[in-house]
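# Per-entry structural report
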Amino acid sequence: MKALAKLSILVVAVPLMESPMPLLAQAQQEVPTIEPTYARIFGSDSIEIGGAQLSPDGRWVLSQRPHPGAPLEMLPTGPGEPRQLSISGLGILRARWFPDGRRILIAGFEEGRSGRLYVHDPERDDLRAITPEGILSTTLGGESISPDGEWIATIGSDRKIWFYPIGDGEPRALPNSE
């Protein structure tokens with residue numbers, strides 16, 4: 001599901017008076033509250049609520065407690081036991097499901113090193129870096145996964161949008177994306 005959001009800006013001309021507060025209060029009542037949204041280049045079939053994300057098949061919730069060093073957890077939405085994903089030596093900033101519901105994209109860092117993006121397969125206990133150090137969007141949810149799960153889009157150190165392959169291949173910059 002894709003949603004488009006429009007942001008309207010209300011400009012209020014305030015005549016010189018002792019206090020513009022009555023006019024500002026009226027203007028605030030007329031402008032609806034707009035919740036922040038994040039642009040997604042590829043879109044996603046998974047649903048994210050706060051720091052938790054529902055898997056594409058709806059069987060798991062990927063969650064992380066809001067404190068440093070907290071492990072990722074896979075919480076079943078039905079019968080089953082929670083699974084803790086302790087990834088040794090990796091500080092996890094955020095994570096999201098791939099469209100296949102099997103792999104997880106992790107934004108994280110190794111101690112004493114810059115952040116980067118990783119692909120984790122919990123079934124195989126496999127972790128693989130897919131971007132160089134320092135290539136990590138600074139915005140929450142700043143990475144997008146292609147629908148086929150073969151590419152990641154993120155902001156590079158040059159402030160351009162870059163596409164990184166999950167498998168073999170070279171990263172590509174999106175032209176005119178500064």
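Residues numbered from 1 in each chain as written. Predicted model: local features only at pLDDT ≥ 70, side-chain atom pairs only at ≥ 80, totals over all residues. Heavy atoms only, no water.

## A few points about the overall build of the chain
A count of helices and strands for the chain gives 1 helix and 13 strands. Ordering the α and β elements of the chain from the N terminus gives α-β-β-β-β-β-β-β-β-β-β-β-β-β. Across the 178 residues that make up the chain, the buried fraction comes to 33%. Across the chain, the fraction of contacts at a sequence separation of at least 24, relative to all contacts at a separation of at least 6, is 29%. Summing over all exposed atoms, the chain offers an accessible surface of approximately 12,000 Å²; the carbon and sulfur share of this is 54%. (Helix = DSSP H or I, 4+ residues; strand = E, 2+ residues; numbered from the N terminus. Buried < 20%, exposed > 50% of the residue type's maximum accessible area, 1.4 Å probe, protein only. Contact = heavy atoms within 4.5 Å. Areas by Shrake-Rupley, 256 points an atom, 1.4 Å probe, with all protein chains shown as cover.)

## Observations concerning the nonpolar core
Of all hydrophobic cores here, the largest spans 13 residues; its most connected members are Leu62, Leu72, Ile104 and Ile106. Going through the elements one at a time, β3 (60-64), β4 (72-76), β6 (90-97) and β7 (104-110) are the ones with two or more residues in this core. Ranked by residue count, the leading element in this core is β6, at 4 residues. In contact with isoleucine 104, not counting residues within four places along its chain, are Leu62, Leu85, Ala95, Arg96, Trp97, Phe98, Tyr118, Val119, His120 and Pro122. (Core = buried A, V, L, I, M, F, W, Y, C linked by side-chain atoms within 4.5 Å.)

## A word on the sheet that holds β7
Taken in spatial order, the 4 strands make up an open sheet running β6-β7-β8-β9, and their pairing is antiparallel. Two strands close off the open sheet at either side, each with one partner strand: β6 and β9 (126-129). Adjacent strand axes in the sheet meet at a mean angle of 30°, parallel and antiparallel pairs treated alike. Looking at chain direction, β7 and strand β8 (residues 116-121) are connected through 5 bridges and run antiparallel. Note that in β8 the partner of isoleucine 106 across the bridge is tyrosine 118. (Pairing = 2+ DSSP bridges. Axes fitted to C-alpha atoms, helices over the stretch in contact; angles between N-to-C directions.)

## Regarding the pairing of β4
Taken together, the 5 bridges between β3 and β4 define a ladder with antiparallel strand orientation. Paired with tryptophan 60 across the two strands is proline 76, which belongs to β4. Here β4 pairs with strand β5 (residues 83-85) via 3 bridges, running antiparallel. Bridging from a neighbouring strand, glutamate 73 pairs with glutamine 84 of β5.

## Some thoughts on the pairing of β3
In terms of burial, β3 is largely enclosed, as 4 of its 5 residues are buried. In terms of strand pairing, strand β2 (residues 52-54) meets β3 through 2 bridges, oriented antiparallel. Residue leucine 54 lies in a different strand from β3, and its bridge partner there is valine 61. Between β2 and the antiparallel strand that follows it, β3, lie 5 residues; glycine 58 among them carries a positive phi value of about 80°.

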